[in-house]
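Summary of structural features
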Amino acid sequence: MTQDEMKKAAGWAALEYVQEDTIVGVGTGSTVNHFIDALATMKDRIQGAVSSSEASTEKLLGYGIEVFDLNSVSELSVYVDGADEINEHNHMIKGGGAALTREKIIAAVADQFICIVDNTKEVPILGEFPLPVEVIPMARSYVARQLVKLGGDPVYREGVTTDNGNVILDVYNMKIIDPVKMEKDINAIVGVVTNGLFADRGANQVIIGTPEGAQKR
């Protein structure tokens, strides 16, 4: 199997967690695109979706799936999204596509967070993938100095503006031994909107695309 085929296997396997006549939380990224393809096969049996990014919204609408504003939705039974890294405790780094804040908000609302990845995303310690931090633009330099104090090397992601109008600092060279504490410490810095550690609220279920097909844990 190619990497894309493993992503497809994971994306389609997530369909079993979608309940009929509900609104589905949908994340962002290449693996999620396969999930959206799968979701389209049952679009007449769901109410619609809540999307974490403009890109996913466009793809959902292209299939004729109604996209709801999260403020109009009181509950979500499931949220399906990918990850840039995931450890054995189902803690993740997300945000390579700069949609981390909306992703984290939808994950907080959902009863279940289903993470879909290919097996290259599994790591023993988070941090090899640079940790994205969404920052209010005027606070960029200040936040960067504080991130250095936490042991990271922040780099401004030039030319990228989030869907919320903010900027991204990617933090390199961090071995994140305690993801829950690091998530809270970074979020406590004034000017940070949120960071790409999904540890305090990790995945409830992980579906991993492997050469042998989709595997759950």
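Higher on the page you've got the structure.
Heads up: these notes are all about the structure in this document. Note that this is a predicted model, so its numbers are computed, not measured.

Helix and strand counts for the protein chain come out as six helices and 13 strands. Taking 2.2 N^0.38 as the reference for a compact globule, 217 residues should give roughly 17 Å; the C-alpha atoms of the protein chain span a radius of gyration of 17 Å, in line with that estimate. Along the first, second and third principal axes, the C-alpha set of the protein chain runs to 50 × 40 × 30 Å. A fraction of 73% describes how many contacts in the protein chain between residues 6 or more apart in sequence connect residues 24 or more apart. As displayed, the protein chain offers around 9900 Å² of accessible surface, 48% of which is attributable to carbon and sulfur atoms. Taking the average location of the 19 positive side-chain charges in the protein chain and that of its 31 negative ones, the two points are 4 Å from each other.

With that settled, the discussion passes to the packing of aromatic side chains. Tallying each qualifying case throughout the model produces two aromatic pairs. Ring geometry for tyrosine 79 against phenylalanine 113: centres 5.2 Å apart, planes inclined by 35°, an arrangement best described as tilted. Placement of tyrosine 79 in strand 3 (residues 76–81) and of phenylalanine 113 in strand 6 (residues 110–118) is noted, with a sequence separation of 34 residues between them. In this structure tyrosine 79 comes out as buried when scored by relative accessible area, which is 0%.

Let us now look at unusual backbone geometry. A positive phi angle, near 60°, is found at aspartate 21, a position not held by glycine. Looking at where aspartate 21 falls in the secondary structure, it is placed in the loop between helix 1 (3–13) and strand 1 (23–26). On the accessibility criterion, aspartate 21 (55% relative accessible area) is exposed. You will see that asparagine 173, though not glycine, has its phi angle at about 60°, which is positive.

Before going further, it helps to spend a moment on the pattern of salt bridges. Counted by the stated rule, this structure contains 11 salt bridges. Ionic pairing is found between lysine 94 and glutamate 103, a salt bridge with its closest N-O pair at 3.3 Å. The burial state of lysine 94 is the same as that of glutamate 103; both residues are buried. Two residues, lysine 121 and aspartate 118, come together in a salt bridge whose shortest N-O distance is 2.9 Å. Taking the relative accessible area as the measure of exposure, lysine 121 reaches 16% and is therefore buried. Looking at aspartate 118, the relative accessible area reads 0%, which means it is buried. A single network of salt bridges, built from pairs that share partners, joins Asp81, Lys94 and Glu103.

Side chains of Ile136, Met138 and Val193 sit close together on the surface and give an oily, nonpolar patch of about 310 Å² of accessible area. Counting through the fold element by element, valine 193 comes out in strand 10 (residues 192–195).

One open sheet holds the four strands; their spatial order is 8-9-7-10, and the pairing between them is antiparallel. Looking at strand neighbours, the two that pair on one side only are strand 8 (153–156) and strand 10, the edges of this open sheet. On average, adjacent strands in this sheet sit at an angle of 30° to one another, irrespective of strand direction. In this structure, strand 8 lies alongside strand 9 (residues 167–172), joined through four bridges in antiparallel fashion. Residue pairing for strand 9: proline 154 is matched across the bridge by valine 171.

Conventions we followed
- Residues numbered from 1 in each chain as written.
- Predicted model: local features only at pLDDT ≥ 70, side-chain atom pairs only at ≥ 80, totals over all residues.
- Heavy atoms only, no water.
- Helix = DSSP H or I, 4+ residues; strand = E, 2+ residues; numbered from the N terminus.
- Rg over C-alpha atoms; globule rule 2.2 N^0.38 Å.
- Contact = heavy atoms within 4.5 Å.
- Areas by Shrake-Rupley, 256 points an atom, 1.4 Å probe, with all protein chains shown as cover.
- Lys, Arg positive; Asp, Glu negative; His and termini not counted.
- Charge placed at Lys NZ, Arg CZ, Asp CG, Glu CD.
- Phe/Tyr/Trp six-rings, centres within 6.5 Å; stacked < 30°, edge-to-face > 60°.
- Buried < 20%, exposed > 50% of the residue type's maximum accessible area, 1.4 Å probe, protein only.
- Salt bridge = Lys/Arg side-chain N within 4 Å of Asp/Glu carboxyl O.
- Patch = residues over 30% accessible without salt bridge, like charges linked within 9 Å, V, L, I, M, F, W, Y side chains within 5 Å.
- Pairing = 2+ DSSP bridges.
- Axes fitted to C-alpha atoms, helices over the stretch in contact; angles between N-to-C directions.

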